[in-house]
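Structural characterization, general
Chain by chain, the residues:
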Amino acid sequence: MEKARPSTRFVRALKGERASPPPIWMMRQAGRYLPEYREIRSQAAGFLDFCYTPKLASEATLQPIRRFGFDAAILFSDILVIPDALGQGVRFEEGVGPRLDPLPLDRVSDLDRSRLADHLAPVYEAIERTRAALPDETSLIGFAGAPWTLATYMVAGRTSPDQAPTRRAAFGDPVRFDRLIDLLADAVAQHLVAQIDAGCDALQIFDSWAGALDTLAFPRWSEKPIARIVAMVRDKRPGVPIIVFPRNAGDRLLDFAAKVRPDAVGLDWSVGFETGRRLQKAACVQGNLDPMRLVAGGPALAEGVDTILEAFRDGPFVFNLGHGIVPETPIAHVEEMVRRVRRGIE
Ligand code: CP3
């Protein structure tokens, strides 16, 4: 199964090598800010059909690489393909976002992991196609949502900034909630291993709602399940670098990194440079430009980019945003950001 994978600047940075200029890619780099994305998006009936059509998903993955020459491509898919594959209905409503049929915790045993591989076969086919079409120097990132973040969508059926419905349900029935988290950790590990086997060169685990958990719940429902996933994937496919992105983990980030031991830690834009530099002693860091600086452009963008480059120049680092690019971002600002990062600092 192990194919020889080309060593890229991106993979070497994740493994701890310092590079100037640093490798660069953007979270949500395939998406609605690109006219060529909007064009092919209209060819699929719904968003999930788009994700499950290998030709279209592969094309969407390649679009930002052709335009900007990023060091890494991220598979065009979604974290919610896992609940969908487990049999929970997932719909994407235009202008509203994802909607699921809320999962009561006494129905966790209805979820069926046996269908995962078959259901997600088109995703793996999209990876094979994409890896074959990408230049050797461009890495392909596979990804999944972390169990807690997936559970917030599954239990509440939708997202909310504080995740109150899922916190309430989890504290009300922590034993059943543990079961859901465990089942999701197994499903996520399986999906990540399958993405490696299909041709991904690195992985990212998104815990987008980690910041909603309190100090007692954070180790139980964010840190431990992610640590277990990282260990399971490493055990099965050693050597493939893993990035974790526990968004808004705040002052728990250092402890999280010490427990999970990922190859790289994704930083949201609130993470202080001192914390980031401490993380760099044991891991690569990735981040953390505020996507609104990219929307604004001009001096806000220039000083944001320069400050981050300067802050992380002495350790392993991958330039990225602190969260996903938003649809109203001007393409010219992305071009300017790439130019500025690649020009480096003296
Ligand atoms: O380019 C890439 O980054 C790869 C593709 C990707 C998508 N979603 C495509 C997408 C990735 C990595 C994701 C991850 C994802 N999806 C996360 C974790 C990262 C984060 O943003 O915190 C989450 C929480 C989701 C769930 C999700 N999917 C939401 C909340 C939404 C609606 C929000 C929105 O921007 O509309 C989606 C839809 C979605 N996923 C779109 C894209 C390009 C937009 C839908 C469309 O094009 O119609």
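Whatever comes next refers back to the structure up there.
Right, let's walk through the structure included here. (Residues numbered from 1 in each chain as written. Predicted model: local features only at pLDDT ≥ 70, side-chain atom pairs only at ≥ 80, totals over all residues. Heavy atoms only, no water.)

So, unusual backbone geometry
Look at the link from S20 to P21: it is a cis peptide, with omega at -5°. As for its placement among the helices and strands, P21 is situated in the loop between α1 (9-14) and α2 (35-41). Between G287 and N288 the backbone carries a cis peptide bond, its omega angle lying at -20°. Counting through the fold element by element, N288 comes out in strand β8 (residues 284-289). (Helix = DSSP H or I, 4+ residues; strand = E, 2+ residues; numbered from the N terminus.)

As for the nonpolar core
Counting 126 residues, the largest nonpolar core has F10, F177, L180, F319, V334 and M337 as its most contacted members. Per-element accounting of this core gives the leading share, 13 residues, to helix α10 (residues 174-198). F319 has contacts with P22, P23, I24, W25, G287, L289, V305, I308, L309, M337 and V341, leaving out every residue within four places of it along the chain. (Core = buried A, V, L, I, M, F, W, Y, C linked by side-chain atoms within 4.5 Å. Buried < 20%, exposed > 50% of the residue type's maximum accessible area, 1.4 Å probe, protein only. Contact = heavy atoms within 4.5 Å.)

Focus on the packing of α10 against helix α11 (residues 217-236)
In the contact formed by α10 and α11, the axes pass within 9 Å of each other and the chain directions differ by 30°. Two packed elements cross with a definite hand, and for α10 against α11 that hand is right-handed. Side by side, α10 and α11 meet where P174, F177, D178, I181, D182, A185, D186, V188, A189, L192, V193 and I196 of the first sit next to R220, W221, P225, R228, I229, M232, V233 and K236 of the second. Counted by class, the contact of α10 with α11 contains 14 nonpolar, no polar and six charged residues. (Axes fitted to C-alpha atoms, helices over the stretch in contact; angles between N-to-C directions. Left-handed = near helix turned anticlockwise from the far one by under 90°. Nonpolar A, V, L, I, M, F, W, Y, C, P; charged D, E, K, R; others polar.)

Observations concerning the sheet that holds β8
In space, the seven strands of this open sheet follow the order β1-β4-β5-β6-β7-β8-β9, with parallel pairing throughout. Two strands bound the open sheet, and with one partner strand each, they are β1 (72-74) and β9 (317-321). Neighbour-to-neighbour, the strand axes of the sheet open up by a mean angle of 25°, direction not taken into account. Here β8 runs beside β9; their pairing, made up of five bridges, is parallel. Each residue of the ladder has a partner; that of N288, found in β9, is N320. Sitting on the sheet, α10 is in contact with β4 (139-145) and β5 (202-207), with an inclination near 165° to β4. The strands touched by α11 within the sheet are β5 and β6 (242-246), with β5 carrying the most contacts at an inclination of about 165°. (Pairing = 2+ DSSP bridges.)

Examining the site of the ligand
Residues in contact with the ligand amount to 21 residues; listed here are only the nearest, R32, Y37, D78, S208 and H323. A distance of 2.5 Å separates an oxygen atom of the ligand from a polar atom in the side chain of R32. Expressed as a share of its isolated accessible area of 870 Å², the protein-covered part of the ligand is 88%. Tallied by class, the residues present in the shell around the ligand amount to 13 nonpolar, four polar and four charged. (Near = heavy atom within 4 Å. Polar contact = N/O pair within 3.5 Å; in protein donor to acceptor, adjacent residues only side chain to side chain. Areas by Shrake-Rupley, 256 points an atom, 1.4 Å probe, with all protein chains shown as cover.)

Keep in mind these numbers describe shape, not what the thing actually does.
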